[in-house]
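# Inside the fold
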Amino acid sequence: MKVSSLGRFAAVLFIAMFGVSCLTVLYARPKPAESGYHLLKTVSLPPAAGGGEYFDYISVDPAARRVYISHGTEVVVLNADDYNVVGKIEGLSRCHGVAIARDLGKGFISDGDGRPGAPVQEVVIFDLKTLKVTGRVKTDQPDTDAIIYEPFTKHVFTFNGDSHNSTVIDPAKEAVITNIDLIGKVEFPAVDGKGMIYDNNPEKNDIVAIDARTNTIKSRWPTAPAGAPTSMAIDQKNRRLFSGGRGPQFVIMMDADSGKVLASYPITAGVDANAFDPGTGLLFVATREGILHIYREDSADKLSEVESVKTEYGAKTLQVDTKTHKVFLTTSDFNPPAAPTEKQPHPLATAKPGNFRVLVYGQ
């Protein structure tokens, strides 16, 4: 009896101690560290000429300390440190993005109106020092949207949404070289700095790998579990692509050589821009819902979630200043969505004129 009782007591004690040790291990696991990113400044900007309200991509030139904000009929240029307006490039139709070519001393603006019958589809060239327009190149491709400078070939590529293609421009001659058929709607691109360009194709649910040296498609890689891929960023050193999809709503980490998806995380609705900061290893993903998702690249094959920061509704476009690690987003106040129709069963809220602002986040 004594031996049996002692055995039962020992068993109970072992189970209790095992349970305590499990709880200790469970609660001792470190929680994901908060990034510390919070709102530093709100910069209100007056309405652009022509009425209405439209905004798209943001570009940052860390060396020149400038932030380029697309805003309807103008590009507003901010000082990256004190956020004052240092100049504007005006007289545009419906600008989208700004590509910076510091080695050429030039900037390039995609000015393409996707609305029916819109006459302007072009790239506007400006001097980086003076911000003066020095040339224009007609693409004649409806919805001339995203734009990027490819440093290996020193060519400019526009990605034309409704036209399902990419226009290749020689900046020296200020002339179109060719159009590359991308077989499906196109979105945010990225370059590896060695002659390859990667572009999201939300219609085909894949990423198109383009050889800029031959202006041909080299590969197509599915983005599952992400669907309708829209936003894109790249870690050039580790050759990793980061693509955000709107449906299903995921951000993925992809090998830029094999197209293998290495990691994926669910995100909120309406993703529109990604930015990768090589100095911190942080990936930023912005969505229309007003969430700034932040991830850390722990290694070349591992991505981990850090936190989700609440910003403002509509702040779906962003860029990071790789010198100060601050993040710039844009948004506005919005009207309620219109009534659903057969053609547009899920209408989105429209931006109100006169409330455009830049949000600056930092640690």
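Residues numbered from 1 in each chain as written. Predicted model: local features only at pLDDT ≥ 70, side-chain atom pairs only at ≥ 80, totals over all residues. Heavy atoms only, no water.

### Here we look at the overall build of the protein
Let me state the cut-off plainly: Numbered from the N terminus, helices here are DSSP runs of H or I no shorter than four residues, and strands are runs of E no shorter than two. Classification of residues uses two cut-offs on accessible area relative to the type maximum, computed with a 1.4 Å probe and protein chains only: under 20% is buried, over 50% is exposed, and between them is partly exposed. Any pair of residues with heavy atoms lying within 4.5 Å of one another is described as a contacting pair. Here the Shrake-Rupley method, with its probe set to 1.4 Å, supplies the accessible areas, and only the displayed protein chains count as covering residues. For this count, His and the chain ends are skipped, Lys and Arg are scored as positive, and Asp and Glu as negative. The atom standing in for a charge is NZ when the residue is Lys, CZ when it is Arg, CG when it is Asp and CD when it is Glu.
Regarding its fold elements, the protein presents one helix and 28 strands. Across its three principal axes, the protein shows a C-alpha extent of roughly 100 × 50 × 45 Å. Within the span of the protein, comprising 363 residues, buried residues form 53% of the whole. The long-range share in the protein, meaning contacts at least 24 apart out of those at least 6 apart in sequence, stands at 45%. Element-wise, carbon and sulfur atoms account for 56% of the exposed surface of the protein, whose accessible area totals about 16,400 Å². If the 39 positive side-chain charges of the protein are averaged to one point and the 42 negative ones to another, these points end up 6 Å apart.

### Thoughts on the sheet that holds strand β4 (residues 74-79)
Test applied: In this analysis, strands are considered paired if DSSP registers two or more bridges between them. Convention adopted: a line fitted to C-alpha atoms gives each axis, helices being fitted over their contacting stretch, and angles between N-to-C directions are expressed from 0 to 180 degrees.
Spatially, β2-β3-β4-β5 is the arrangement adopted by the four strands of the open sheet, whose pairing is antiparallel. With partners counted over all chains shown, the strands left at the sheet margins are β2 (55-61) and β5 (85-89), one partner each. For this sheet, the mean inter-axis angle between neighbouring strands, taken without regard to orientation, is 20°. Examined bridge by bridge, strand β3 (residues 66-71) and β4 share six bridges and lie antiparallel to one another. Residue pairing for β4: R66 is matched across the bridge by N79.

### Section: unusual backbone geometry
A cis amide bond links A224 with the next residue in sequence, P225, at an omega value of 15°. Tracing the backbone through its elements, the reader meets P225 in the loop between β17 (216-222) and β18 (229-235). Cis geometry marks the peptide bond from G247 to P248; its omega dihedral reads 0°. One can find P248 in the loop between β19 (240-245) and β20 (250-255). The backbone of D143 shows a phi angle near 65°, a positive value even though the residue is not glycine.

### Digging into the environment of V77
Checked against the element boundaries, V77 lands in strand β4. Spatially, the C-alpha atom of V77 lies 8.9 Å from that of L131, the residues being 54 residues apart in sequence. The contacts of V77, once residues within four sequence positions are left out, are R66, V67, Y68, N84, V85, V86, G87 and L131.

### A look at the side chain of T153
Its place among the elements puts T153 in the loop between β10 (144-150) and β11 (155-160). Judged by relative accessible area, T153 falls into the buried class, the value being 18%.

### Details of the sheet that holds β11
In spatial order, the strands read β10-β11-β12-β13; together these four strands make up an open sheet with antiparallel pairing. A strand with exactly one partner marks an edge of an open sheet, and here the two such strands are β10 and β13 (175-181). Averaged over neighbouring strand pairs, the angle between their axes works out to 25° when direction is ignored. Across six bridges, the pairing between β10 and β11 is antiparallel. Bridge pairing in β11 links T144 to N160.

### Comments concerning the pattern of salt bridges
A side chain with one charge can pair with a side chain of the opposite charge if their charged atoms come near. Operational definition: Within this document, salt bridges are pairs made up of a side-chain nitrogen of Lys or Arg and a carboxyl oxygen of Asp or Glu, the two lying within 4 Å of each other.
Across all of its chains, the model carries 19 salt bridges by this definition. Residues D162 and K185 are paired through a salt bridge, measuring 3.1 Å at the closest nitrogen-oxygen approach. Of the two residues, D162 is situated in the loop between β11 and β12 (165-170) and K185 in the loop between β13 and β14 (189-191); the sequence distance between them amounts to 23 residues. Of the charged contacts, one joins D257 and R239 as a salt bridge, the two residues approaching to 3.0 Å between their closest N and O atoms. Taken as a pair, D257 in the loop between β20 and β21 (261-266) and R239 in the loop between β18 and β19 lie far apart in primary sequence, 18 residues in all. For R239, a relative accessible area of 17% translates into the label buried. The structure contains a network of salt bridges with shared partners spanning R65, D81 and D321.

### Section: the pairing of β19
The element β19 is largely enclosed, with a buried count of six among its six residues. Note that β18 and β19 share six bridges and pair antiparallel. If you follow M232 over to β19, its bridge partner there is S243. Sheet analysis places β19 next to β20, joined by five bridges and oriented antiparallel. If you follow L241 over to β20, its bridge partner there is M254.

Geometry only, nothing functional implied.
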